[in-house]
Amino acid sequence: TPPWIGHGLVNHDGVDAARSGAVGANGSNSISTTVTGPNTLTFWWKVSSQTNSDYLTLYTNGTLAVRISGETDWQFRSVNIGAGAQTLTWTYSKNGSTVAGQDRAWVDQVSFVPDDSMVPSLAW
């Protein structure tokens, strides 16, 4: 599937954001990272898609944490992350019916600071 890319035209912070690649019918693409918890993950995201059919989702270790669909402008999210290694995956998925919106998703200003202040933080 097409990769997510850095995109400067649509962003929350005035710099750039990660944007999903073009996805065809019944397709999806993802961007992932692994963190060590516990702590809180924060980020901004938006999607332009068919409401309640095409979704931007966040999975933690393969379990659905949150999702959005439709014409959703930038939203701030805060998600508690459990102890130990956690794989965080943002996925844009499209069903096989109608094309709606730009069929794209964006994630910006991701931040995760572990409880142990000696461990480097993740921010992009």
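Residues numbered from 1 in each chain as written. Predicted model: local features only at pLDDT ≥ 70, side-chain atom pairs only at ≥ 80, totals over all residues. Heavy atoms only, no water.

### A short note on the pattern of salt bridges
Here is step 1 of the chain: One pass over the structure, following the stated rule, counts three salt bridges.
Here is step 2 of the chain: Among the ionic pairs, Asp 73 bridges to Lys 46, the shortest N-O distance being 3.7 Å. With Asp 73 in strand S6 (residues 71-93) and Lys 46 in strand S3 (residues 28-48), this pair connects stretches of sequence that are 27 residues apart.
Here is step 3 of the chain: Here Lys 94 makes a salt bridge to Asp 54, at a shortest N to O gap of 3.5 Å. With Lys 94 in the loop between S6 and strand S7 (104-112) and Asp 54 in the loop between S3 and strand S4 (55-60), the pair connects residues that are 40 residues apart, well separated along the chain.
Here is step 4 of the chain: When its relative accessible area of 8% is taken as the criterion, Lys 94 is described as buried.
Here is step 5 of the chain: The class for Asp 54 is buried, based on a relative accessible area of 0%.
Here is step 6 of the chain: Because the salt bridges share partners, they merge into one network encompassing Asp 54, Lys 94 and Asp 103. (Salt bridge = Lys/Arg side-chain N within 4 Å of Asp/Glu carboxyl O. Helix = DSSP H or I, 4+ residues; strand = E, 2+ residues; numbered from the N terminus. Buried < 20%, exposed > 50% of the residue type's maximum accessible area, 1.4 Å probe, protein only.)

### What to know about unusual backbone geometry
Here is step 1 of the chain: Looking along the chain, the bond that leaves Gly 37 and enters Pro 38 is cis, with omega of 15°.
Here is step 2 of the chain: By the element assignment, Pro 38 lies in strand S3.
Here is step 3 of the chain: Its identity is not glycine, yet Asn 26 carries a phi of approximately 60°, on the positive side.
Here is step 4 of the chain: Structurally, the position occupied by Asn 26 is in the loop between strand S2 (17-19) and S3.
Here is step 5 of the chain: With phi around 60°, Asn 52 is a residue other than glycine that occupies positive phi space.
Here is step 6 of the chain: You can see Asn 52 is positioned in the loop between S3 and S4.

### A few points about the pairing of S7
Here is step 1 of the chain: Here S7 lies mainly inside the structure; seven of its nine residues are buried.
Here is step 2 of the chain: Examined bridge by bridge, S3 and S7 share seven bridges and lie antiparallel to one another. Of the residues in S7, the one forming a bridge with Trp 45 is Val 107. (Pairing = 2+ DSSP bridges.)

### As for the pairing of S4
Here is step 1 of the chain: Counting buried residues in S4 gives five out of six residues, a clear majority hidden from the surface.
Here is step 2 of the chain: Relative to strand S5 (residues 63-69), S4 runs antiparallel, the two being bridged by six bridges. Paired with Leu 56 across the two strands is Ile 68, which belongs to S5.
Here is step 3 of the chain: Connecting S4 to the next strand, S5, in antiparallel fashion are two residues, including Asn 61 with a positive phi near 50°.
Here is step 4 of the chain: Pairing of S4 with S6, which is carried by six bridges, proceeds in the antiparallel orientation. Looking across to S6, one finds that Leu 58 is bridged to Trp 90.

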